[in-house]
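Residue-level listing of the chains:
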Amino acid sequence: MDTIWLTGAEWLAVLRIGLGLWWLESWRHKDRTAWFQRGSGIAWAGEIADRHRWRAVRSGYQRLVAPRPRVMAYTVVHAELALGLGLVSGFLTPVALLGGLLLNLIYLTLMIHDMAEQGQNLMMALISAVAFFGMSWQTWSLDSALGWFL
């Protein structure tokens, strides 16, 4: 009996595409007016960083983010869009997977005191790692069509 089922490589592609859709949803639901004009996302991160238990997080935020809130707001919002588009289309997939893993680890580190709220970031980081090491760009991707990263 023939069954229609996906191969392991196709399941990895499904995982990659699902992760990309997750990033696109994160981008879609952001209030960009609040982020870009009022700096609400960066200000919220600053409030958390200011009372963070790890000195490295507090000082890193003050040194890297606080002096350039507008640039950082645009960076975060557009990074989420770029990650989503890259993962769904399979374009520069290894770069997108590592970038997403890094962004999720930053989010996790910032919110380490509230791990109950970090299930999403943990799962996104795990999917990024599995999709990266499983070379999920080899199926259903522009990278594969272009012969990149084989």
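Per chain, the residues get numbers from 1 upward, laid out in the order the sequence is written. For a predicted model such as this one, the threshold for reporting local features is a pLDDT of at least 70, and the threshold for listing and counting side-chain atom pairs is 80 or more; totals across whole chains, interfaces and linings nevertheless cover every residue. To obtain the side-chain values, all non-hydrogen atoms of the structure were included, while hydrogens and water were left out.

### Here's the deal with unusual backbone geometry
Next, step 1: Phi at Leu 92 is positive, roughly 55 degrees, even though this residue is not glycine.
Next, step 2: Each helix is a run of H or I in the DSSP string that is no shorter than four residues. Each strand is a run of E no shorter than two, and both are numbered from the N terminus. With respect to the secondary-structure elements, Leu 92 resides in the loop between helix 5 (69–89) and helix 6 (93–110).
Next, step 3: Its relative accessible area of 34% is what places Leu 92 among the partly exposed residues.
Next, step 4: Phi is positive for Trp 140, which is not a glycine, with a value near 55 degrees.
Next, step 5: Looking at Trp 140, the relative accessible area reads 44%, which means it is partly exposed. Relative accessibility under 20% of the residue-type maximum defines a buried residue, over 50% an exposed one, and the middle range a partly exposed one, all with a 1.4 Å probe and only protein chains included.

### Quick notes on helix 4 (residues 55–65)
Next, step 1: Among the residues of helix 4, Val 57, Gly 60, Tyr 61 and Val 65 are the ones counted as buried. For helix 4, the angular spread of the buried residues around the axis is 100 degrees, confining them to a single face. Set apart from the buried face of helix 4 by more than 90 degrees, the exposed residues are Arg 55, Ala 56 and Arg 63.
Next, step 2: Looking at the buried residues of helix 4, the elements they touch are helix 3 (40–50), helix 5 and helix 6. Note: the arc covers the axis-to-C-beta directions of the helix. Should any heavy atoms of two residues lie within 4.5 Å, those residues are considered in contact.

### Here's the deal with the pattern of salt bridges
When charged atoms on two side chains of opposite charge get close, those side chains can pair.
Next, step 1: Definition used for salt bridges: Asp or Glu carboxyl oxygen within 4 Å of a side-chain nitrogen of Lys or Arg. Tallied over the entire structure, the rule returns three salt bridges.
Next, step 2: Ionic pairing is found between Glu 25 and Arg 28, a salt bridge with its closest N-O pair at 2.8 Å. Of the two residues, Glu 25 and Arg 28 both sit in helix 1 (residues 8–28), three residues apart, roughly one turn of that helix.
Next, step 3: One salt bridge in this structure joins Asp 31 and Arg 38, with 3.8 Å as the shortest N-O distance.
Next, step 4: Since its relative accessible area comes to 44%, Asp 31 is described here as partly exposed.
Next, step 5: Since its relative accessible area comes to 57%, Arg 38 is described here as exposed.

### Some words on the side chain of Glu 80
Next, step 1: For Glu 80, the location among the structural elements is in helix 5.
Next, step 2: The buried category is assigned to Glu 80, whose relative accessible area is 0%.
Next, step 3: Polar contacts, as counted here, are pairs of nitrogen or oxygen atoms within 3.5 Å of one another; within protein the pair requires one atom able to donate a hydrogen and one able to accept it, and residues that are adjacent in sequence qualify only if both atoms are side-chain atoms. Here Tyr 107 takes part through its side chain, which lies 2.7 Å from a polar atom of the side chain of Glu 80.
Next, step 4: When residues no more than four places from it in sequence are discounted, the contact partners of Glu 80 are Trp 23, Ser 26, Trp 27, Lys 30, Leu 103 and Tyr 107.

### Brief notes about helix 3
Next, step 1: Those residues of helix 3 that sit buried are Gly 41, Ile 42, Ala 45, Gly 46, Ile 48 and Ala 49. Down the axis of helix 3, the buried side of the element spans an arc of 165 degrees, and every buried residue falls inside it.

### Description of the nonpolar core
Next, step 1: Ranked by internal contacts, the top residues of the largest apolar core, which has 14 residues, are Trp 35, Phe 36, Ile 42, Ala 49, Tyr 61, Ala 73 and Leu 110.
Next, step 2: Secondary-structure elements contributing two or more residues to this core are helix 2 (32–38), helix 3, helix 4 and helix 5.
Next, step 3: Of all the elements, helix 3 adds the most residues to this core, at four residues.
Next, step 4: Leaving out residues up to four positions away in the same chain, Phe 36 has contacts with Arg 70, Ala 73, Tyr 74, Val 77 and His 78.
Next, step 5: The definition of a nonpolar core used throughout is a set of buried Ala, Val, Leu, Ile, Met, Phe, Trp, Tyr and Cys residues joined through side-chain atoms within 4.5 Å. Residues Leu 83, Leu 97, Ala 131 and Trp 137 belong to the second largest nonpolar core, which totals eleven residues.

### Here's the deal with the packing of aromatic side chains
Next, step 1: The rule is short: rings of Phe, Tyr and Trp, with Trp giving its six-membered ring, pair when the centres are within 6.5 Å, and they are stacked under 30 degrees, edge-to-face over 60, tilted in between. Summed over the entire model, instances satisfying the criterion amount to eight aromatic pairs.
Next, step 2: Pairing Trp 137 with Phe 149 gives two aromatic rings, centres 6.5 Å apart and planes at 70 degrees, and the pair type is edge-to-face. Here Phe 149 lies in the segment after helix 8 (142–146) and Trp 137 lies in the loop between helix 7 (119–133) and helix 8, a separation of twelve residues in the sequence.
Next, step 3: With relative accessibility at 35%, the residue Phe 149 sits in the partly exposed group.
Next, step 4: Grouped by ring-pair contacts, the aromatic residues Phe 91, Phe 132, Phe 133, Trp 137, Trp 148 and Phe 149 constitute a single cluster.
Next, step 5: Sitting above the plane of the Trp 27 ring, Arg 32 keeps its charged end 4.2 Å from the centroid. Charge-over-ring contacts are defined here by two conditions on Lys NZ or Arg CZ: a distance within 6 Å of the ring centre and an angle within 35 degrees of the ring normal.

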